[in-house]
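A closer look at the structure
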Amino acid sequence: MEIALLFGVFAVLLVIGVPVAYALAAASLATLLALGLPSVVLVQQLSAGTGTASLIAIPLFIFAGEIMMRGGISERLIALASSLVGRLRGGLGQVSILSSLFFGGVSGSAIADVSAVGGTMIPQMVKRGYDRDFAVNVSITAALVALLVPPSHNLILYSAAAGGGLSIADLFAAGIVPALMMTVALMITGYVVARMRGYGVEAFPGWRAVLVRLVAALPGLGLVTLIFVGIRAGVFTAVESAAIAVVYALLVTIVLYRQLRLREFLETVTHAARSTGVILFVIAAAAVFGWLLAYLQVPTAAVDFLQSFAHSKAMVLLMIVVMLLLLGTFMDLAPMILICTPIFLPVARAYGIDPIHFGLVLVLTGGLGLVTPPVGSVLFIGTAIGKISVGQSMRTIWPFWLAGLGVLLVVAFFPQLSMWLPAVLRG
């Protein structure tokens, strides 16, 4: 009954539009009272939920990404991508996809990606004669690449939700190949759709222009190298790398690019603080929810339930993917990671699924939910930028969504594709 109460109150509150963090806290409080436990447990677990040291990296990476976004790096990355792939069919769509890969390595956030790259590319595509639905769909699905490349906030969050024992360096390394696969799959899909709709190509600016734009974008791209190589080599921890990323971003945007003025800096601080507050409140509320899941032995029940239906690793993984896809349609990615990790990670371990590999599957599956109604935050931002309805986007997004699903299934059932790079880097 207590388990039904926990999930029932949470589901009802989500349906009537209560924010996720409040729904988690209210459902947890109702269950605590039903169990006869003191309400002070709620406060204790809220505090403990944000007490993990690795979580310090998240607000710092958010701040660094905001600095780079407002300091001129997004324009330079888009210019570089344009010179590299603009001459392909559907040129500006291809530019948007490749720019998202580059910018994802700076922001680590799908929402920041679609806001920065989509905010620039969607109006440009519409102005150049591209249909609004194509411009929106290619931009919002491309933003999912940011979930997989360093410094992905969601991979850090998964590490914390898994108990903090997983290597963030291994998670970052494991996400690189799937991110490249997603980029290629979306570019192929964009090419096919652009060819069917008769979109043109961009003029090639010449190799000299490519070199000039590459040099201009290198300081921004250097942030990715700094973070990944530093953590992988053991020079500094994820938290230390996040602090260094902030200092590096300030130096690049103020000293080198000279575009981050005082007004933009104050806006950056305000926006980063607001984003951090929202994320940490969700983390704290989900920690109480997760504590109750463990107290009520839900992970053990989940293992027993899946074992009664499936007897192979592949079948269990398929069932988990299907359930996560359904959950992703009405739950944002951060709370989904925090709630589902303690439930499904023990199941994955019981069937011999590597926790690093499972983390990529979880994040990528939840990412597809970000472009799926009714709670797809990336979808809503993209349609708002493109000034179209969600329904208009949904009618034509399916080729891009299926491309993302195809990458997810390949990553899920061929783990060697994502796991070989961490193994090589570990020596």
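Below: a short report on this structure. (Residues numbered from 1 in each chain as written. Predicted model: local features only at pLDDT ≥ 70, side-chain atom pairs only at ≥ 80, totals over all residues. Heavy atoms only, no water.)

A closer look at the packing of helix 1 (residues 2-15) against helix 2 (residues 20-35)
For clarity, the threshold we go by: Throughout, an axis means a line fitted to C-alpha atoms (over the contacting stretch in the case of helices), and angles, computed between N-to-C directions, take values from 0 to 180 degrees. Secondary structure elements follow DSSP: runs of H or I no shorter than four residues count as helices, runs of E no shorter than two count as strands, and numbering proceeds from the N terminus. Working definition: roughly parallel below 35 degrees, roughly antiparallel above 145 degrees, roughly perpendicular at 65 to 115 degrees, and oblique for all remaining angles. Handedness of a crossing follows from how the near helix is turned relative to the far one, being left-handed for an anticlockwise turn of less than a right angle and right-handed for a clockwise one. We call two residues in contact when some of their heavy atoms are within 4.5 Å. Classification used: nonpolar for Ala, Val, Leu, Ile, Met, Phe, Trp, Tyr, Cys and Pro, charged for Asp, Glu, Lys and Arg, polar for all others including Gly.
Remark: helix 1 packs on helix 2, axes separated minimally by 8 Å, with the N-to-C direction vectors making an angle of 150 degrees. The angle between helix 1 and helix 2 falls in the class roughly antiparallel. The hand of the helix 1/helix 2 crossing is right-handed. Two secondary-structure elements touch here, helix 1 through E2, L5, L6, V9, F10, L13 and L14 and helix 2 through V20, A23, L24, A26, A27, S28, A30, T31, A34 and L35. Residue composition of the contact of helix 1 with helix 2, by class: 14 nonpolar, two polar and one charged.

Re the side chain of S393
Its location among the elements puts S393 in helix 19 (residues 390-396). Those residues within four positions of S393 in sequence are excluded, and the remaining contacts are V136, N137, I140, L379, T383 and I388.

Some details on the environment of A112
The topology assignment puts A112 in helix 7 (residues 110-127). Sequence separation of A112 and A146 is 34 residues, and the distance between their C-alpha atoms is 8.9 Å.

A look at the nonpolar core
Just so we agree on the cut-off: As used in this record, nonpolar core signifies buried Ala, Val, Leu, Ile, Met, Phe, Trp, Tyr and Cys residues forming a set joined through side-chain atoms within 4.5 Å. Three exposure classes are used, based on accessible area relative to the maximum for each residue type with a 1.4 Å probe and protein chains only: buried under 20%, partly exposed in between, and exposed over 50%.
Ranked by size, the top nonpolar core spans 149 residues in total, and within it F10, F134 and F358 carry the most contacts. Element by element, the count of residues in this core is highest for helix 10 (residues 168-197), at 13 residues. Once you skip the residues sitting within four places of it in the chain, F358 turns out to touch Y158, I320, F344, L345, A348 and I353.

Quick notes on the packing of helix 9 (residues 153-161) against helix 16 (residues 333-350)
What describes two packed helices is the angle between their axes and the distance between those same axes. Following both chains from N to C, one finds helix 9 and helix 16 inclined at 35 degrees, their axes separated by 9 Å at the closest point. Note on packing geometry: the crossing formed by helix 9 with helix 16 is right-handed. Along its contact with helix 9, which presents N154, L157, Y158 and A161, the element helix 16 presents L333, A334, I337, L338, T341 and L345. Taken together, the residues of the contact of helix 9 with helix 16 break down into eight nonpolar, two polar and no charged.

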